[in-house]
Amino acid sequence: MHDPIVVTGLGAVSPLGAGVATNWRRLVAGQSGIRTNTRFDVAGWKCSVAGLVPSIKDDSEGFDPETVMEPRDLRRNDLFIQYAMAAASEALQQAGWHPERSEERARTATLIGTGVGGVPAITAASETIRTSGIRRLSPFVVPSFLPNLAAGQIAIRFHFNGPAGSPTTACAASAQAIGDAMRLIRAGEADIALCGGAEACVDPVAIGGFTAAKALSFNFNDDPQRASRPFDRDHDGFVLSEGAAMLVIERLSHAERRGARPLAVLSGYGTTTDAHHVTAGWPDGREAARAMEIALSMAGIDPHQVGYVNAHATSTPVGDAAELAALEKFFGTAGGRVPVGSTKSATGHMLGAAGAIEAVFSVLAIQNQLLPPSLNIENAMPEAEGFDLLSSGARASDVEHVLSNAFGFGGVNAALVFSRQR
């Protein structure tokens, strides 16, 4: 690539803590962000675990909302917007992108995906109507939960006038936001983009709905840190989590002109649709494999050049098996030599923000030449036989290219490739 698109800023808020450095340090140390759900009373609930972002009150490296927004604005914006603002501020700070000229602001895109937007705000508004009447609703209730308002509020805060968007493609949303931002830059519609995702729906409606769908882990309520176990024989569902992650991406020439340091190259993106089932992909992973093929083709590399796969693997038996089938189909006989892991084992499933936090971890794996561990793979599921699962701690590795997958309800598949900047 003559003028590749590079990553120049990262930001993260997750169940592991606030800030990229905290997230990475705790991830590679094998720590888990899964806890007993204290967001609401879960007595009598089938699922009582969740991946909650730690508060600064309980964790010195937790999330402090008052560093992100004024108290008045915190009251007016759902938690997913607050998390998005924190991750965006960190990514922009690292990238050194604070444009003052109108021409620069007009060429800055903002694309932030979310699976569901502000479900807690909707739930609270419904309760207000039930208990106090419709006249007690705040005029800010609708802007607090609209999915595109994470992008909207960030664009307002930082005065970005370029294209904005908010993919809402379930658990593929933030990977698609990154891919869409890449496309905008390649098409010449923007010079630089803030892209990623945010989610904050650890809420009775979301937990109840996923419980009804039998999608959540129920068997580890007494040992929460063992609940998220992608590729393990005893996995029984995902752990619902929250947080946000952001990347700043731009052409290398643009970064060099302003003295920004590239962290990695965003070299490939592919997306497909299963057109098969609302919640389950093809068992043989055919369209997921095709998304990977498109991404690697754009990156101009062969499967054997991939040094690490950060799998979507949520910890559901059906989903994990389908992704393994896709990886086997795509990598063929080389599959057993490619290290495969799932950082969801530490963070849980951040839904629409999952692709973005995993993109951040993929960039950090390249930067640090270190592959993060997959927790809780005590007995690999039969379908994982022959795969090099990262089940024994972090691994030093000369990794040149990382493939990061994200799949969502509705049959959406997205694959991103990050490469070392030479």
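Here the structure is shown first, and the text comes after it.
This is a predicted model, so every value here is computed, not measured.

J.: Got a sec to walk through the state of the cysteines? Specific residues and values, please.
T.: Summed over all chains, the structure comprises zero disulfides. Between C47, a free cysteine, and C201, which holds the nearest cysteine sulfur, the sulfur-to-sulfur gap is 12 Å. Residue class for C47 comes out buried when judged on its relative accessible area of 2%. Looking at the unpaired C171, the closest cysteine sulfur is the one in C201, lying at 9.0 Å. The exposure class of C171 is buried, given its relative accessible area of 11%.

J.: Give a detailed account of helix α14 (residues 354-368), specifying residues and quantitative values.
T.: Under the 1.5 Å per step criterion, the end-to-end length of α14 is 21 Å for 15 residues, consistent within 8% with the ideal 21 Å. Extensive coverage of α14 is indicated by the burial of 13 of its 15 residues. Following α14 by one or two positions, Q369 adopts a phi angle in the positive range, close to 50°.

J.: I'd like a rundown of the packing of aromatic side chains, residues and numbers included.
T.: Within this structure, the stated rule accounts for six aromatic pairs. Between F210 and F238 the ring centres are 5.1 Å apart and the planes differ by 75°, which places this aromatic pair in the edge-to-face class. Placement of the pair is F210 in helix α9 (residues 204-212) and F238 in the loop between α9 and β8 (243-251), with a sequence separation of 28 residues. Classification of F210 by relative accessible area gives buried; the value is 16%. Considering the side-chain rings of F330 and F331, the 5.0 Å spacing of their centres and the 75° angle between planes classify their relative orientation as edge-to-face. On the basis of relative accessibility, which here comes to 6%, the residue F331 falls in the buried class.

J.: Which residues make up the pairing of strand β9 (residues 264-273), and what values go with them?
T.: Among the 10 residues of β9, eight are classified as buried, and the element is accordingly described as predominantly covered. Across eight bridges, the pairing between β9 and strand β16 (residues 412-419) is antiparallel. In the sheet register, Y269 faces β16, and the bridge partner there is L416.

Quick notes on the rules
- Residues numbered from 1 in each chain as written.
- Predicted model: local features only at pLDDT ≥ 70, side-chain atom pairs only at ≥ 80, totals over all residues.
- Heavy atoms only, no water.
- Disulfide = S-S within 2.5 Å.
- Buried < 20%, exposed > 50% of the residue type's maximum accessible area, 1.4 Å probe, protein only.
- Helix = DSSP H or I, 4+ residues; strand = E, 2+ residues; numbered from the N terminus.
- Expected span 1.5 Å × (residues − 1).
- Phe/Tyr/Trp six-rings, centres within 6.5 Å; stacked < 30°, edge-to-face > 60°.
- Pairing = 2+ DSSP bridges.

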